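So you can see what is in the structure, the chains are spelled out below.
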Amino acid sequence: EWLHALGLGVGLHPELRVSRDTWHMDSLSAGLDLRIADDTWRMQAGYRFYLQSKANFFEDKYVHAASTYAYYTSDKELGRQVGHVLQLDLGFVVSDAHGANDSRTLLTLQLEAAHYNYPGFVLLPSRESLFASIGLAWEL
């Protein structure tokens, strides 16, 4: 991860993660966020790409009796995946701090849209989701 200031209140946050686990699943996650903030509002907009190989025991289709396999699963999360996520976070100051020990209150809005492909997974080849939230945050 790296956060680079482009100017006063403006930053760019690229991130790259590579992993391999004990089930021989390899994954790559790459993302880029633009962050902008001033005294009364803040915004973060970003994109994330995800790529995953399948677990060493995952099969697209099981053709023999379950007892012939050491592991038997139809979990799409253990197969190959390709994912794309778009994110937008906004925060607006509702009540500002008036002293050194005061807190301030922010109204927060979050939107996240995702699209995942599961190549070879017959039961659910892809899925889309949209997440939205509105909340209040207190900062000390």
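Here is what the cut-offs are and how they apply
- Residues numbered from 1 in each chain as written.
- Predicted model: local features only at pLDDT ≥ 70, side-chain atom pairs only at ≥ 80, totals over all residues.
- Heavy atoms only, no water.
- Helix = DSSP H or I, 4+ residues; strand = E, 2+ residues; numbered from the N terminus.
- Rg over C-alpha atoms; globule rule 2.2 N^0.38 Å.
- Phe/Tyr/Trp six-rings, centres within 6.5 Å; stacked < 30°, edge-to-face > 60°.
- Buried < 20%, exposed > 50% of the residue type's maximum accessible area, 1.4 Å probe, protein only.
- Lys, Arg positive; Asp, Glu negative; His and termini not counted.
- Salt bridge = Lys/Arg side-chain N within 4 Å of Asp/Glu carboxyl O.
- Polar contact = N/O pair within 3.5 Å; in protein donor to acceptor, adjacent residues only side chain to side chain.
- Contact = heavy atoms within 4.5 Å.

Bringing the overall build of the protein into the picture now. Check the secondary structure of the protein and you find zero helices and seven strands. Its helices and strands in sequence order give the protein the pattern β-β-β-β-β-β-β, from N to C terminus. Against the globule reference of 14 Å for 140 residues, the protein gives a C-alpha radius of gyration of 21 Å, more extended than a compact globule. The dimensions of the protein, computed from C-alpha atoms along their principal axes, are 70 × 30 × 25 Å.

All chains considered together, the criterion is met by one aromatic pair. Ring centres of tyrosine 116 and tyrosine 118 lie 6.5 Å apart, and the angle between their planes is 15°; this geometry places the pair in the stacked category. Comparing tyrosine 116 with tyrosine 118 shows no difference in burial state: the two are buried.

Along the chain, the position of aspartate 89 falls in strand E5 (residues 81–95). Put simply, aspartate 89 is tucked away with no salt bridge, and the nearest opposite charge, on arginine 35, sits 8.2 Å away. A polar side-chain atom of aspartate 89 sits 2.7 Å from a polar atom in the side chain of glutamine 87. Residues within four places of aspartate 89 in sequence aside, it is in contact with Arg42, Met43, Gln44, Leu109, Gln110 and Leu111.

Look at histidine 24: it is not a glycine, yet its phi comes out positive at around 65°. The residue histidine 24 is located in the loop between strand E2 (10–20) and strand E3 (26–37) in this model.

Note that side chains of opposite charge can pair when their charged atoms are close. Under the counting rule described, the total for this entry stands at six salt bridges. Taking the shortest distance from any N to any O, the salt bridge between glutamate 15 and arginine 17 comes out at 2.9 Å. With a relative accessible area of 48%, arginine 17 lands in the partly exposed category. We note a salt bridge from glutamate 139 to arginine 104, for which the minimum N-O separation is 3.0 Å. Of this pair, glutamate 139 sits in strand E7 (residues 126–139) while arginine 104 is found in strand E6 (residues 104–117), placing the two residues 35 residues apart along the sequence. Taking relative accessible area as the criterion, glutamate 139 reaches 26% and is therefore assigned partly exposed.

Checked against the element boundaries, glutamine 52 lands in strand E4 (residues 41–52). In this structure the side chain of glutamine 52 is engaged in a polar contact, spanning 2.6 Å, whose partner is the side chain of tyrosine 50. At 2.9 Å, the side chain of glutamine 52 forms a polar contact with the backbone oxygen of glycine 79. If sequence neighbours within four positions are ignored, glutamine 52 has contacts with Met25, Asp26, Ser27, Glu77, Leu78, Gly79, Arg80 and Gln81.

What follows concerns the environment of glutamate 112. Mapped onto the elements of the fold, glutamate 112 is located in strand E6. Under the relative-accessibility criterion, glutamate 112 is labelled partly exposed at 35%. For the pair formed by glutamate 112 and aspartate 89, sequence separation is 23 residues and the distance between their alpha carbons is 8.5 Å. With sequence-adjacent residues up to four places away left out, glutamate 112 is seen in contact with Val85, Leu86, Gln87, Ser129, Leu130 and Phe131.

In short, the description is geometric, and any link to function would need to be established separately.
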